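# Observations on the model geometry
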Amino acid sequence: MVRNLYYDVVIAGCGVAGLYTALSLPEDQKILMLSKEGIENCDSMLAQGGICVMRDEEDYEPYFEDTMKAGHYENRKESVEIMIRSSRGVIDHLLKLGVRFDMNPDGSLNYTREGAHSRPRICFHKDITGKEITTVLQKRVRELPNVTVMEFTAMTDILVSGGACTGMIAKTEKGEILHIHTRDTVMATGGIGGLYEHSTNFPCLTGDALAIAKKYGVELENMDYVQIHPTSLYSEKPGRSFLISESARGEGAVLLNGRGERFVDELLPRDVVTKAIHAEMEREGSRHVWLSFEPVGEAQIRNHFPNIYRRCLEEGYDITKEQIPVVPAQHYFMGGIHVDCNSRTTMDHLYAVGETSCNGVHGKNRLASNSLLESLVFAQRAAASMAEGRKGSIKYESNYHAACC
């Protein structure tokens, strides 16, 4: 049996990109959001380090150059400019929504630094910035009377008519098939970490949107641009790898080989550090290298990295007293469904936002803490584009039944 549902917009994915799209759409639009698992199982929850912001006008050029350099100058310049210029407005809006970024005693934002950044420009909440932002956005979305969230419901296909997307097909946990008829459809299903044996991503992230896009000839871009994060906690246990945030190295933590020697500048771009770690492991015949928090200091560890401290204790390591074993792991996908600067795909009425999209911001290698910002900026632009598309047109006919809400 197939159940037909009618909405203005359907969004597959409940990470920050999907949530911010819903929050940015007009409240007269009826929106359905789908989550493949529970809404807490999204990679946005796992982001530790923070979210970038252009600190002031003098920071524009350095921030632009840092992003381009990290991306090996393969970035789409227009997208990079849009992201940077939009960053302050996004941060201000997050603060207004209730996100608790760390502050200085005078009430100003406290900035930290990560690899490949020429200066501190990263807003953060301890070492669980992604969880803080995502939880606040989830709360705000839940408050909207025009948004319905269906958990444990996976997108399986899209509806297409006359070459344009007219909705989405989904399957519920109980096996019910839903045909969701909409004016606009948004793919926000995250990355591809679930396809890898070792990844910092949730296993449910298996590139579903990419497969569907390919099926219909929707343009894909840079499918081989996969970022390996230099430092995940080494473990022989199966399952998701635990990320050791790059902000730890930004605050002074150092990488050591088996002889206790530093072998790389820890603040180089991620791909460079990863290659250096792999080379050192090969030279030593080891399965990991070591990360020392000694230069960070115990007070800063407990204040800035409480989650990392707790998790490492659970694994038997006290980072205030000893080094921890770390190894690179799959972390982020820079490629994806090709979109323009308004997150439009090459199929009419089909949008893609967040890690599943490729707007060219990251180039070949993502600069640390640009992911949350990029997702929010281009989710907001997707919402604006959808709202603009409705102007002057007859409102999409919707047939809302109690059974579909």
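Each chain has its residues counted from 1, following the order in which its sequence is written. Where local features are concerned, this predicted model is filtered to residues with pLDDT of at least 70; where side-chain atom pairs are given and counted, the filter is 80 or more; whole-chain, interface and lining totals use all residues. Hydrogen atoms and water are omitted, and side-chain values are computed over all heavy atoms in the structure.

### Some points on the UniProt feature "domain: FAD-dependent oxidoreductase 2 FAD-binding" (unreviewed entry) in the chain
In the numbering used here, UniProt assigns the feature "domain: FAD-dependent oxidoreductase 2 FAD-binding" (unreviewed entry) to residues 8–372. Strands are runs of DSSP state E lasting at least 2 residues, helices are runs of H or I lasting at least 4, and numbering of each runs from the N terminus. Annotated as 28% helix and 21% strand, the span residues 8–372 places its first and last C-alpha atoms 26 Å apart. UniProt positions are given in the numbering used here, feature names are shortened, and annotations may be inferred rather than shown by experiment.

### Observations concerning the pattern of salt bridges
One side-chain nitrogen of Lys or Arg within 4 Å of one carboxyl oxygen of Asp or Glu is enough to make a salt bridge. The full count for this structure, using the stated rule, is 25 salt bridges. A salt bridge links D66 to R121; its shortest N-O distance comes to 2.8 Å. Here the residue D66 occupies a position in helix α2 (residues 60–70), and R121 occupies one in the loop between α3 (77–97) and β5 (122–123), the gap between them amounting to 55 residues. A salt bridge links R283 to E280, with the shortest nitrogen-to-oxygen separation between them at 2.2 Å. Here E280 and R283 lie together in helix α7 (residues 270–284), a separation of three residues that amounts to about one turn. A relative accessible area of 3% means that E280 is categorised as buried. Salt bridges sharing partners connect three or more residues here, namely D56, D59, D66, R119 and R121. Partly exposed describes any residue whose relative accessible area lies between the buried limit of under 20% and the exposed limit of over 50%, with all areas from a 1.4 Å probe on protein chains only and scaled to the type maximum.

### Thoughts on the packing of aromatic side chains
Classification of ring pairs uses Phe, Tyr and Trp, with its six-membered ring standing for Trp, and accepts pairs whose centres are within 6.5 Å; under 30 degrees between planes counts as stacked, over 60 as edge-to-face, and the remaining range as tilted. As enumerated under the stated definition, the model contains two aromatic pairs in all. The interplanar angle of 35° and the centroid separation of 5.8 Å between the aromatic rings of Y60 and F64 together place this pair among those described as tilted. Here Y60 pairs with F64, and both are found in helix α2, just four residues apart, close to one helical turn. Take Y60: its relative accessible area is 9%, and that puts it in the buried class. Their ring planes at 75° and their centres at 6.1 Å tell us that F293 and F305 sit as a pair that is edge-to-face. Here F293 is found in the loop between β14 (289–292) and α8 (298–304), whereas its partner F305 is found in the loop between α8 and α9 (306–314), with twelve residues between them in sequence. Side by side, F293 and F305 carry an identical accessibility label, which is buried. The criterion is that NZ of a Lys, or CZ of an Arg, lies within 6 Å of the ring centre and within 35 degrees of the ring normal, and then a charge sits over that ring. Across from the ring centre of Y60, 3.9 Å away, lies the NZ or CZ of R85, which sits over that ring.

### Focus on the environment of V361
Following the sequence through the fold, V361 ends up in the loop between β18 (357–358) and α10 (371–390). A relative accessible area of 0% means that V361 is categorised as buried. A sequence separation of 290 residues divides V361 from G71, and the C-alpha atoms of the two residues are 8.3 Å apart. Contacts: residue pairs with any heavy atoms within 4.5 Å of one another. Those residues in contact with V361 that sit more than four places away from it in its chain are T67, N75, S79, V80, M83, E374 and F378.

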